[in-house]
Amino acid sequence: MRALANARGDSLSALSAMLGRNAAYLQQFVARGSPRRLDPGDRRRLADYFGVDEIELGADAGRAAFTLPRLDVAASAGPGAFVDGEVMLGAAALDPALAARLGLVEGQAAIVRVRGDSMEPGLIDGDLIVVDRARRSPDARGGVFVVRIDDAVMVKRVARGRDGLSVVSDNPAAPPVPVGPVAVIGRVVWLMRAPR
């Protein structure tokens, strides 16, 4: 911990304040072993801040959080967002049991932000969604997917029918989905929404 802090030019007291703890919290953890283990939320925030695995900060190898990149790709729930590429904004941790239940594989999932209202009421502007890029084949029942039509990236309800893919918005007042070849980027498997 001290080496990570020194490498960034941070003091342990400043990092404690970042966590909302008293100034001596991390100093006591490092020097005296009190507390014996970091609070999981504190450990996750520090791991994200330093860009390291939680195991380096004392997490059990079998219980470390599942880390997902947060990409600077706003999946438009409107007419479509144009993107030049994916830029990583940071990372977020997901409970490993939840990641396993969702069937996520490291490196195949990401978090993106929803923009627009065409998928309301299920998804609203500003929602963060977990997209499983390993699931790119909609079936006849369909699901919510992030797709690219030409250069526009959007989140839509997609199902496979006899004539190919059906791509629609959930909000009946939304403008029509643009016409063009559809590339499925991944299935939306989880919604990360703060209480409103």
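The preceding data block contains the structure.
Analysis parameters
- Residues numbered from 1 in each chain as written.
- Predicted model: local features only at pLDDT ≥ 70, side-chain atom pairs only at ≥ 80, totals over all residues.
- Heavy atoms only, no water.
- Helix = DSSP H or I, 4+ residues; strand = E, 2+ residues; numbered from the N terminus.
- Contact = heavy atoms within 4.5 Å.
- Areas by Shrake-Rupley, 256 points an atom, 1.4 Å probe, with all protein chains shown as cover.
- Buried < 20%, exposed > 50% of the residue type's maximum accessible area, 1.4 Å probe, protein only.
- Salt bridge = Lys/Arg side-chain N within 4 Å of Asp/Glu carboxyl O.
- Phe/Tyr/Trp six-rings, centres within 6.5 Å; stacked < 30°, edge-to-face > 60°.

### Topic: the overall build of the protein
Part 1 of the argument: Helix and strand content of the protein: five helices and nine strands.
Part 2 of the argument: In the protein, the succession of helices and strands from N to C terminus is α-α-α-α-β-β-β-α-β-β-β-β-β-β.
Part 3 of the argument: The long-range fraction of contacts in the protein, counting pairs at least 24 apart against all pairs at least 6 apart in sequence, stands at 58%.
Part 4 of the argument: As displayed, the protein offers around 10800 Å² of accessible surface, 50% of which is attributable to carbon and sulfur atoms.

### Some points on the side chain of Asp42
Part 1 of the argument: Locating Asp42 in the fold gives a position in helix α4 (residues 40-50).
Part 2 of the argument: Judged by relative accessible area, Asp42 falls into the buried class, the value being 6%.
Part 3 of the argument: In contact with Asp42, not counting residues within four places along its chain, are Leu19, Arg21 and Tyr25.

### Structural notes on unusual backbone geometry
Part 1 of the argument: The step from Ser34 to Pro35 runs through a cis peptide bond, and the omega angle for that step is 5°.
Part 2 of the argument: With respect to the helices and strands, Pro35 occurs in the loop between α3 (25-32) and α4.
Part 3 of the argument: Of note, the bond from Glu120 into Pro121 is cis; its omega dihedral lies within 30 degrees of zero at 10°.
Part 4 of the argument: Within the element layout of this structure, Pro121 appears in the loop between β4 (109-115) and β5 (128-132).

### A closer look at the pattern of salt bridges
Part 1 of the argument: As enumerated under the stated definition, the model contains five salt bridges in all.
Part 2 of the argument: The salt bridge partner of Asp42 is Arg21, with a shortest N-O separation of 2.8 Å. Of the two residues, Asp42 sits in helix α4 while Arg21 sits in the loop between α2 (12-18) and α3, which places them 21 residues apart along the sequence.
Part 3 of the argument: For Arg135, the salt bridge goes to Asp132, with nearest N and O atoms at 3.0 Å.
Part 4 of the argument: Taking relative accessible area as the criterion, Arg135 reaches 31% and is therefore assigned partly exposed.

### Thoughts on the packing of aromatic side chains
Part 1 of the argument: Scanning all chains against the criterion turns up one aromatic pair.
Part 2 of the argument: Between Tyr49 and Phe50 the ring centres are 5.3 Å apart and the planes differ by 70°, which places this aromatic pair in the edge-to-face class.
Part 3 of the argument: According to the relative accessible area criterion, Tyr49 is partly exposed, its value standing at 26%.
Part 4 of the argument: For Phe50, a relative accessible area of 11% translates into the label buried.

Scope: geometric values only; no functional claims are made or implied.
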